[in-house]
Amino acid sequence: MGILEEIVFGKGYIVIQANNIEILEDIQDQLIGFASDHKKLEEVLSIGDLRKRLGKLSSNEVNDVVLSLISFSDLSSMLVRAFSDSVMELVGESIYLQRRSHIIFNSGFLDNTVSAHIDGMSGISPFSLILWTGSHDIDDDSGIWLWDQEKTMKYFQEQGKNKAGAGENVLNTDEKKPLKLKFGEAVVFNPFVLHGSIAHQNPLSRIGFSCRFQSRKHPLFIRNSEFYYPYQLQ
Ligand SMILES: [Fe+2]
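Below or above, wherever it landed, is the structure these notes cover. (Residues numbered from 1 in each chain as written. Predicted model: local features only at pLDDT ≥ 70, side-chain atom pairs only at ≥ 80, totals over all residues.)

Details of the overall build of the protein
- If you tally the helices and strands in the protein, you get 8 helices and 9 strands.
- Computed over its C-alpha atoms, the radius of gyration of the protein comes to 18 Å, within 12% of the 17 Å expected for a compact globule of 234 residues.
- A principal-axis box enclosing the C-alpha atoms of the protein has dimensions of 50 × 45 × 30 Å.
- For the protein, buried positions account for 34% of its 234 residues.
- Across the protein, contacts joining residues at least 24 apart in sequence account for 85% of those joining residues at least 6 apart. (Helix = DSSP H or I, 4+ residues; strand = E, 2+ residues; numbered from the N terminus. Rg over C-alpha atoms; globule rule 2.2 N^0.38 Å. Buried ≥ 20, exposed ≤ 12 C-beta atoms within 10 Å, placed from the backbone. Contact = placed C-beta atoms within 7 Å.)

Okay, here's the thing in structure tokens:
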């Protein structure tokens, strides 16, 4: 099964490899540069150091760092170029690309995890795909967990029959097994795959990126040009 078939007809997600890993290294360097402008992170020299220092910040300070990273405006194009072989195989060269990719920290001991959700809930089109990757190896429980799309849809059908919202059942499930990813790997998934993150005990914060894109051949529906911009991969 090819990667597009796996995403559309199979599990709904697949792990891909970067074909331009040097761009991910460049992202690391730029991230360190932007982060070290923040007064709490002065003189951060490496990703390991940044993860350690982030792990000592309060929730408010972490939010403040996230805001200061809004200046990293090339992040989306760098992410899709790092994985361009797979992205082009999935959606072609002419894409709509998320204007600002998300930089997401999961700090141990802080409750800043992402609750279970599907991205379709936030108004992106059914033709959008989500790419999620780490800025380092993720070999603990700090990464993203995903359910396959069949299990996700069954869950929502059950919830519909019971006239219940996405609430306690899914939030309390133990079936959240975060994916381990090597630096240079990403998971790509469709907007009907339940996912989130869980708390972990690692003193090093996890630094993840998420980026959305779709073919320009398909309609955007609710999320329009404020969210996306046209981008040409070649
Ligand atoms: Fe999401």
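Let's talk about the pairing of strand E2 (residues 94–98)
- With 4 of its 5 residues buried, E2 lies for the most part within the structure.
- Summarising the sheet, E2 and strand E9 (residues 228–232) pair through 5 bridges and their orientation is antiparallel. Within E9, the position partnered with tyrosine 96 by the bridge is proline 230.
- Direction of pairing for E2 relative to strand E8 (residues 206–215): antiparallel, over a ladder of 3 bridges. Its bridge partner lying in E8, leucine 97 is registered against phenylalanine 213. (Pairing = 2+ DSSP bridges.)

Regarding unusual backbone geometry
- Positive phi, normally seen in glycine, also occurs at glutamate 43, with a value near 65°.
- Within the element layout of this structure, glutamate 43 appears in the loop between helix H2 (21–35) and helix H3 (47–54).
- Residue class for glutamate 43 comes out exposed when judged on the 7 C-beta atoms lying within 10 Å of it.
- Positive phi outside glycine occurs at phenylalanine 221, with the angle close to 55°.
- Here phenylalanine 221 shows up in the loop between E8 and E9.

Concerning the packing of H2 against helix H5 (residues 75–82)
- The geometry of H2 relative to H5 is characterised by a closest axis approach of 8 Å and an angle of 155° between their N-to-C directions. Classified by the angle between their axes, H2 and H5 sit roughly antiparallel to one another. Both H2 and H5 take part in a crossing whose hand is left-handed. Taken together, the residues of H5 that come into contact with H2 (itself represented by Ile21, Ile23, Leu24, Asp26 and Ile27) are Leu75, Met78, Arg81 and Ala82.
- Looking at the contact of H2 with H5, its residues break down into 7 nonpolar, no polar and 2 charged. (Axes fitted to C-alpha atoms, helices over the stretch in contact; angles between N-to-C directions. Parallel < 35°, antiparallel > 145°, perpendicular 65-115°, else oblique. Left-handed = near helix turned anticlockwise from the far one by under 90°. Nonpolar A, V, L, I, M, F, W, Y, C, P; charged D, E, K, R; others polar.)

Focus on the nonpolar core
- By size, the foremost hydrophobic cluster in this structure holds 47 residues, and its most contacted members are Leu131, Val187, Val188 and Phe213.
- Among residues more than four places away in sequence, those in contact with valine 188 are Ile7, Tyr13, Ile14, Ile16, Ser86, Leu90, Leu129, Ile130 and Leu131. (Core = buried A, V, L, I, M, F, W, Y, C linked by C-beta atoms within 7 Å.)

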